[in-house]
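Chain by chain, the residues run as shown.
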Amino acid sequence: MHTFFAYLARMKYIQRWGLMRNSFPENDAEHTLQTVMIAHGLAVIREKIFHEPCDAEHCAMLAVYHDAGEVFTGDMPTPVKYFTEDLHDKYKEIEDKARGRLLETLPDELKDTYRPYILDMENDPLWPLAKAADTLSAYLKCAEEIQAGNSEFEEAFRTTENKLKHLHLKEVDWFLEHFAGSFALTLDEMNRI
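To start, this report covers the structure provided alongside it. Residue positions are given per chain, counting from 1 as you read along its sequence in written order. Only residues with pLDDT of at least 70 are given local features in this predicted model, and only at 80 or more are side-chain atom pairs given and counted; all residues enter the totals for whole chains, interfaces and linings. To get the side-chain values, take all heavy atoms of the structure and skip hydrogens and water.

Describing the overall build of the protein chain
What counts as a helix is a DSSP run of H or I of at least four residues, what counts as a strand is a run of E of at least two, and both are numbered from the N terminus. Helices and strands together make up the secondary structure of the protein chain, namely 11 helices and zero strands. Listing the helices and strands of the protein chain from first to last along the sequence gives α-α-α-α-α-α-α-α-α-α-α. Its C-alpha radius of gyration of 17 Å places the protein chain within 12% of the 16 Å reference for a compact globule of 193 residues. With the C-alpha coordinates aligned to their principal axes, the bounding extent of the protein chain is approximately 50 × 40 × 35 Å. Going through the 193 residues of the protein chain one by one, you find that 41% of them count as buried. Carbon and sulfur atoms make up 56% of the accessible area of the protein chain, which amounts to about 11,200 Å² in all. Radius of gyration: over C-alpha atoms. The globule rule applied is 2.2 Å multiplied by the number of residues raised to the 0.38 power. Under the scheme applied here, a residue whose accessible area is under 20% of the maximum for its type counts as buried, over 50% as exposed, and between as partly exposed, the area being computed with a 1.4 Å probe on protein chains only. Each accessible area value is a Shrake-Rupley result obtained with a 1.4 Å probe; residue values ignore everything except the protein chains displayed when judging cover.

Take a look at the structure:
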């Protein structure tokens, strides 16, 4: 019996933003879905707006598994992950081992298909877009919390916004200019557009 998909199904039990007071709790499965949609969107923007060839479905698949190793590690809060350089390096090693362990839960015949998404994703040319989608998802979460009156997320919002600006990815800038503001609209406001 193989447990790969059973482990992935447990992403819904992994709560994000563990050190923060959340108005809207978010789990890894919810975050992953949003990250996948944004990664796909960034790739489509690259192709349709900037006229550069891009495999949007492949980019989305990189995002599907970007946090999969957390089924073993949980979601490490950013302030803890970056507390010291040594701790960050050690956590990276733990993440790599967790991903390797997850890959081992597949039958041998399927491992080569999933390896690029589980172990080798950071070597993929589209990884920067998938990783940017992860950061955009965090940025939108912070904006949502602030809009709900939760000042707990103000510093995380500023830090994440700064991180996005320093990516120097035109697709991210375009997404921010054309889509991000709509997340502040009410349903009635969206319906009037």
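Brief notes about the nonpolar core
F4, L42, Y65, I118 and L129 are the most contacted members of the largest nonpolar core, which has 46 residues in total. Every element with two or more residues in this core is listed here: α1 (4-9), α2 (28-48), α3 (56-64), α6 (85-103), α7 (108-118), α8 (127-147), α9 (154-165) and α10 (170-178). Counting residues per element, this core draws most heavily on α8, at 10 residues. Not counting the four nearest positions on each side in its chain, Y65 is found in contact with F4, L8, Y114, Y117 and I118. Here, nonpolar core refers to any group of buried Ala, Val, Leu, Ile, Met, Phe, Trp, Tyr and Cys residues whose side-chain atoms link them within 4.5 Å. What makes two residues a contact is simply this: any of their non-hydrogen atoms within 4.5 Å.

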